[in-house]
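# Overview (structure and organization)
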Amino acid sequence: MTDDRSEDKKPAPNAATNPANELWGGRFAGGASDIMQRINASIYFDRRFYRQDIAGSRAHCNMLVAQGILDQDDGHAILKGLDQVEAEITAGTFEYDPAKEDIHMHVEARLAELIGEAAGRLHTARSRNDQVATDFRLWLRDEIDALDPALRDLQTAMLDRAEENADTVMPGFTHLQAAQPVTFGHHLMAYVEMLSRDRGRFADCRRRLNESPLGAAALAGTSFPIDRAATASALGFDRPTANSMDAVAARDFAMEYLSAAAILSVHLSRLAEEIVNWASAQFKFITLGDGFSTGSSIMPQKRNPDAAELVRAKAGRVIGDLNALLIVMKGLPMTYSKDMQEDKEPVFEVADTLTLTVPAMTGMLGDLTVNREIMAAAAGQGFTTATDLADWLVRELGLPFRRAHHVTGSLVKMAEARGVDLDALSLADMQGVEAGITEAVFAVLGVQNSVASRTSLGGTAPVMVRAAIAEARGKL
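This write-up is about the structure you can find in this document.

About the criteria used
In every chain, residue numbers begin from 1 and rise along the written sequence. Local features in a predicted model are, by the rule used here, given only for residues with pLDDT of at least 70; side-chain atom pairs are given and counted only at 80 or more, and totals for whole chains, interfaces and linings are based on all residues. To obtain the side-chain values, all non-hydrogen atoms of the structure were used and water was disregarded. Only DSSP runs of H or I covering at least 4 residues are called helices, and only runs of E covering at least 2 are called strands; the numbering of each starts at the N terminus. When a residue's accessible area, from a 1.4 Å probe over protein chains only, is under 20% of the maximum for its type it is buried; when over 50% it is exposed; and in between it is partly exposed. Between two residues, a contact is recorded if the distance between any of their heavy atoms is within 4.5 Å. Whenever Lys or Arg places a side-chain nitrogen within 4 Å of a carboxyl oxygen from Asp or Glu, that contact is recorded as a salt bridge. Strand pairing is defined by DSSP finding a minimum of two bridges between the two strands. Fitted lines through C-alpha atoms give the axes, limited to the stretch in contact for helices. The angle between two N-to-C directions lies from 0 to 180 degrees. Relative orientations are named as follows: roughly parallel for angles under 35 degrees, roughly antiparallel for angles over 145 degrees, roughly perpendicular for angles from 65 to 115 degrees, and oblique for any other angle. Rotating anticlockwise by less than a right angle from the far helix to the near helix defines a left-handed crossing, while the corresponding clockwise rotation defines a right-handed one. For this classification, Asp, Glu, Lys and Arg are treated as charged, while Ala, Val, Leu, Ile, Met, Phe, Trp, Tyr, Cys and Pro are nonpolar and the rest, including Gly, are polar. Multiplying one less than the number of residues by 1.5 Å gives the expected span of a helix. Picture the helix axis, draw a direction to every C-beta atom, and the arc is the one those directions span. In plain words, nonpolar cores are sets of buried Ala, Val, Leu, Ile, Met, Phe, Trp, Tyr and Cys residues tied together by side-chain atoms within 4.5 Å. Polar contact is defined as a pair of N or O atoms within 3.5 Å, subject to the rule that within protein one atom must be able to donate a hydrogen and the other to accept it, and that residues adjacent in sequence are counted only when both atoms are side-chain atoms. Aromatic rings from Phe, Tyr and Trp, taking only the six-membered ring of Trp, are treated as a pair when their centres fall within 6.5 Å; an angle between ring planes under 30 degrees marks them as stacked, one over 60 as edge-to-face, and anything in between as tilted. We call a charge positioned over a ring when the NZ of a Lys or the CZ of an Arg lies within 6 Å of the ring centre and within 35 degrees of the ring normal.

## Side note on the side chain of H187
Relative to the helices and strands, H187 resides in helix α7 (residues 184–209). Judged by its relative accessible area of 15%, H187 falls in the buried class. Those residues within four positions of H187 in sequence are excluded, and the remaining contacts are M170, E274 and W278.

## As for the pattern of salt bridges
Applying the stated criterion to the full structure yields 31 salt bridges. For R312, the salt bridge goes to E273, with nearest N and O atoms at 2.5 Å. Remark: E273 occurs in helix α10 (residues 252–278) and R312 occurs in helix α11 (residues 306–329); sequence separation between them is 39 residues. Taking the shortest distance from any N to any O, the salt bridge between D391 and R454 comes out at 3.5 Å. Residue D391 is located in helix α14 (residues 386–397), and its partner R454 is located in the loop between α17 (447–453) and α18 (462–475); the two are separated by 63 residues in the primary sequence. A cluster of three or more residues bridged by salt bridges with shared partners is formed by E101, D102, R128 and K338.

## Focus on the pairing of strand β2 (residues 177–183)
Of the strand pairs in this sheet, strand β1 (residues 169–174) and β2 are connected by six bridges, and their pairing is antiparallel. Counterpart to G172 in the pairing with β2 is Q180. Where β1 hands over to β2, the hairpin turn is made up of two residues, of which H175 adopts a positive phi near 60°.

## Comments concerning the packing of helix α6 (residues 128–164) against helix α12 (residues 344–367)
The N-to-C vectors of α6 and α12 enclose an angle of 15°; their axes lie 9 Å apart at closest approach. The orientation of α6 with respect to α12, classified from their angle, is roughly parallel. Remark: the crossing between α6 and α12 carries left-handed chirality. Considering only residue class, the contact of α6 with α12 consists of 17 nonpolar, two polar and four charged.

## Details of α18
Given 3.6 residues to a turn, an α-helix orients residues that are three or four positions apart in the same direction. In a regular helix each residue adds 1.5 Å, so 14 residues correspond to 20 Å; α18 covers 20 Å between its end C-alpha atoms and thus fits that length. Turning to α18, its buried residues number three or more, namely P462, V465, I469 and A472. The buried residues of α18 occupy one face: seen down the axis, they fall within an arc of 80°. Exposed residues on α18 whose side chains face more than 90 degrees from its buried face are V463, E471, G474 and K475.

## Quick look at the packing of α6 against α18
Packing of α6 against α18 leaves a shortest axis separation of 10 Å and a crossing angle of 160°. When the axis of α6 is compared with that of α18, the two are roughly antiparallel. Between α6 and α18 the crossing geometry is left-handed. Facing L159, D160, A162 and E163 of α6, the residues of α18 in contact are I469, A472 and R473.

## Description of the nonpolar core
Across soluble globular proteins, nonpolar side chains have a tendency to be buried as a group. Counting residues in hydrophobic clusters, the biggest one holds 92 residues, and the most contacted among them are F202, Y257 and M361. Per-element tally for this core: the top contributor is α10, with 15 residues. Those residues in contact with F202 that lie beyond four places of it in its chain are I144, L147, L151, Y257, A260, A261, L264 and L354. By size, the runner-up hydrophobic cluster in this structure holds 19 residues, among which are A404, L422, V444 and L445.

## Things to note about helix α5 (residues 103–115)
Between its first and last C-alpha, α5 extends 18 Å over 13 residues, near the 18 Å set by a 1.5 Å rise per residue. Three or more residues of α5 are buried, namely I103, H104, M105, H106, V107, E108, A109 and L111. Where α5 is buried, its residues contact α2 (43–46), α3 (50–66), α4 (72–91) and α6. The N-cap residue of α5 is D102: its side-chain oxygen and the backbone nitrogen of H104 are 3.1 Å apart. Positive phi appears at G116, one or two residues downstream of α5, with a value of about 80°.

## Observations concerning the packing of aromatic side chains
Applying the stated criterion to the full structure yields ten aromatic pairs. Seen in terms of ring centroids, F136 and F253 are 5.4 Å apart; in terms of plane orientation they differ by 80°. Their pairing is edge-to-face. You can see F136 sitting in helix α6 and its partner F253 sitting in helix α10, a full 117 residues away along the chain. Here F136 and F253 have matching classes, each one buried. Relative to F285, the ring of F283 has its centre 5.1 Å away and its plane inclined at 90°; by these criteria the two rings are edge-to-face. Its relative accessible area of 3% is what places F285 among the buried residues. The residue whose ring lies beneath R47 is Y96, and the NZ or CZ to ring-centre distance is 4.0 Å. The residue whose ring lies beneath R141 is F237, and the NZ or CZ to ring-centre distance is 5.1 Å.

Written as structure tokens, this is what we have:
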């Protein structure tokens, strides 16, 4: 969730005939065509990596000096030059040229302009293959680190609303049919649990990706006496990657990130769908505030839940980006192929999407008003206490549950035919179906009593909801 996304605008392609690339052009006599430059260049999007690329170059330079591969004067000049390159890019004065393909070549070319021949020594014992793999892991690590506080804020917003509504009764649904009474607080706590697992998935992804490819070179390692552990430590990695081919070929860390993001987006989409439903005139369970609603250009009465609808829709983008990267990678032989240049844009788009959807959901939860009376009235509709009646028959009369289920179903059919709720049936009506039923049965037919009775671990009873909220706050 870095703040350099505006740098993705494509620079105009160089219309002139370009000479052979100065960084790899010794093998080539002529220059690439304009269309080749355009399809080959990734600088349009991988410039996001500039901080990570320069950090990797600093670590590599310091290691080369420490190992006696690079003399101290050249090392000092390189580090000073890298500082200037970073300052220029940060200030927005850096000039990009598609002929230089990617951020790595841009940095090296500008470094050469600043310090001369010494710049060419920086690439000793490394390749763009291990360089980009290192940059990508560093960048994605930063994104995960920035995402986690946003997810924690969303959980906090959920916990706050759940605590306010620990005893606010609403219908719980299966098949979008009223099933049993629950509390709104309990409902929101389900999403708190989902987000906890989402955060765990991102944390697991971060832990697995936190190995340094730097020093793997093109694919086979290097004959120079480098210290990969030193560069890994300098960049905050836990260790170097164990296999040089895997180091440059693997993109499972990006696929894992996208997988976690897709699951998170599905969770956000489900909650967004519920917000859309709850805010409708047919439900009226909640009222969205002005901050996360829009109006209609023709219907003045409308208050549209556009933010929720967009969160719901953007899940499709995230799922599509996961599929895109899986398809790119599925047929590639070891080790690096240019196909892997297509690994970054799906990840960038997903990171940008989560930067919007997670705070949007946090804002919506803080902005909505809960219509408790309407929720409570709906909680008693649809015979939602039928299961409580069946449980009472088992508990108090000793009926086998299947017999109790049949008796309750008969009473529901009777109430439905009369257009009333279960608690509107008389005792005589009930005893006509099951003679052992007593007046005590009416105590379990109220939604408040139903909710309060669900005291099993993870149940919807307000006392259990408040305990779950307290435990969740402790984990946060």
